[in-house]
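Residue strings, one per chain:
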Amino acid sequence: MAPPQLAQLYRELQQAFTSGNLQQTGVLLTRLKIALTEAGLLVPIGNPDPQDLVIARDILEVGAFWSIRTKDIPSFDRYFSQLQTFYNDFSSVLPPSPREYPLRGLNLIRLLTQNRIADFHTTLESLPLRADALTGNPYIAHPINLEQWLMEGSYSKVWNAREEAPAEEYKFFVDSLMGTIRNEIASCEEAAYDSLPLKDAATLLFFKNQSEVIAFAQERGWQVDLTAGKIAFAKKTEEKVEIPKEKLILANLQYARELEQIV
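These lines cover the structure that appears in this document, whether it is placed above or below. (Residues numbered from 1 in each chain as written. Predicted model: local features only at pLDDT ≥ 70, side-chain atom pairs only at ≥ 80, totals over all residues. Heavy atoms only, no water.)

A few points about the packing of helix α5 (residues 100–113) against helix α6 (residues 117–125)
Pairs of packed helices are described in terms of their axes, by the angle between the two and the distance that separates them. Operational definition: Between the N-to-C directions of two axes lies an angle of 0 to 180 degrees, each axis being a line fitted to C-alpha atoms and, for a helix, fitted only over the stretch in contact. Under the DSSP-based scheme used, a helix requires at least four consecutive residues in state H or I and a strand at least two consecutive residues in state E, with every element numbered from the N terminus. Reported orientations rely on four angle classes, namely roughly parallel under 35 degrees, roughly antiparallel over 145, roughly perpendicular from 65 to 115, and oblique for the rest. By definition, turning the near helix anticlockwise from the far helix through less than a right angle yields a left-handed crossing, and turning it clockwise yields a right-handed one. For this analysis, residues touch if any pair of their heavy atoms sits within 4.5 Å. Ten residue types, Ala, Val, Leu, Ile, Met, Phe, Trp, Tyr, Cys and Pro, are classed as nonpolar, four, Asp, Glu, Lys and Arg, as charged, and the remainder, Gly among them, as polar.
With their axes 8 Å apart at the nearest point, α5 and α6 run at an angle of 160 degrees to one another. Between α5 and α6, the crossing angle belongs to the class labelled roughly antiparallel. Note on packing geometry: the crossing formed by α5 with α6 is left-handed. Residue-level contacts link Asn107, Leu108, Leu111 and Leu112 of α5 to Ile117, Asp119, Phe120, Thr123 and Leu124 of α6. Split into classes, the residues belonging to the contact of α5 with α6 amount to 6 nonpolar, 2 polar and 1 charged.

Okay, here's the thing in structure tokens:
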């Protein structure tokens, strides 16, 4: 059985996380990771009690969701990595977790936001689901659809996917994806146009209002004319490379003279 102190902290964690107290949840997670380490449950070895493993798994799952809600991606990576032992090595002795596939789906979207497409497909293929069952799981189907739309360039579908997210935490990663997409679209606009009406720029960049597109324009160094309702793109000046023609001619002549002497 889990030590009494660990069990008490676990109950406090459940209460804090359920109530949405992220600060207290973070404090309790730090204390619980120490308690799990001391109990030999953070990285289970031997034959621990399955009930204790369920508690440890639940704590790490809360940690993973807490990381997303606090926008701490490295922390999410660590928690998800630690959960692999419970999901893979102890799957035969533990009851299924309702949080497993929501977290697996979040991990897949995280790989998309980092443009790790090869890792995305490798991770997808390693899931303990039949190929025909992947799209039947809403938490896995969502990142699969996102990847397909990204490859197609169907950015409007990626934007609409935010409202169709199977869990609130998914919206964080979709927003991150849209940030990458907006920068790509912005680069194309800079190359294709000298200027655009504010309304058109907002539509192309999937912004809901003028203030959002103005803030984005300022980040990109664009000039915003509110009176004319227009954005002027900052053109990158091409660097002119001067070729030292006289030096090259003299060097070639000297080289020719040396060849004549050799011959």
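After presenting the structure, the write-up continues.
Focus: the side chain of Arg104
Short version of the rule: For the exposure calls, accessible area comes from a 1.4 Å probe over protein chains only, and a residue counts as buried if that area is under 20% of its type's maximum, exposed if over 50%, partly exposed in between.
Examined against the element boundaries, Arg104 turns out to sit in helix α5. Given a relative accessible area of 6%, Arg104 falls into the buried group. Setting aside residues no more than four positions away along its own chain, Arg104 makes contact with Phe80, Gln84, Tyr87, Asn88, Leu127, Pro128 and Ile140.

A few points about the nonpolar core
Condition: Here, nonpolar core refers to any group of buried Ala, Val, Leu, Ile, Met, Phe, Trp, Tyr and Cys residues whose side-chain atoms link them within 4.5 Å.
Counting 75 residues, the largest nonpolar core has Leu6, Ile59, Leu103, Leu146 and Val213 as its most contacted members. Considering each element in turn, this core owes the most residues, 10 residues, to helix α3 (residues 50–69). Residue contacts for Val213: discarding those within four places in its chain leaves Leu198, Ala201, Ala202, Leu205, Phe207 and Ile231.

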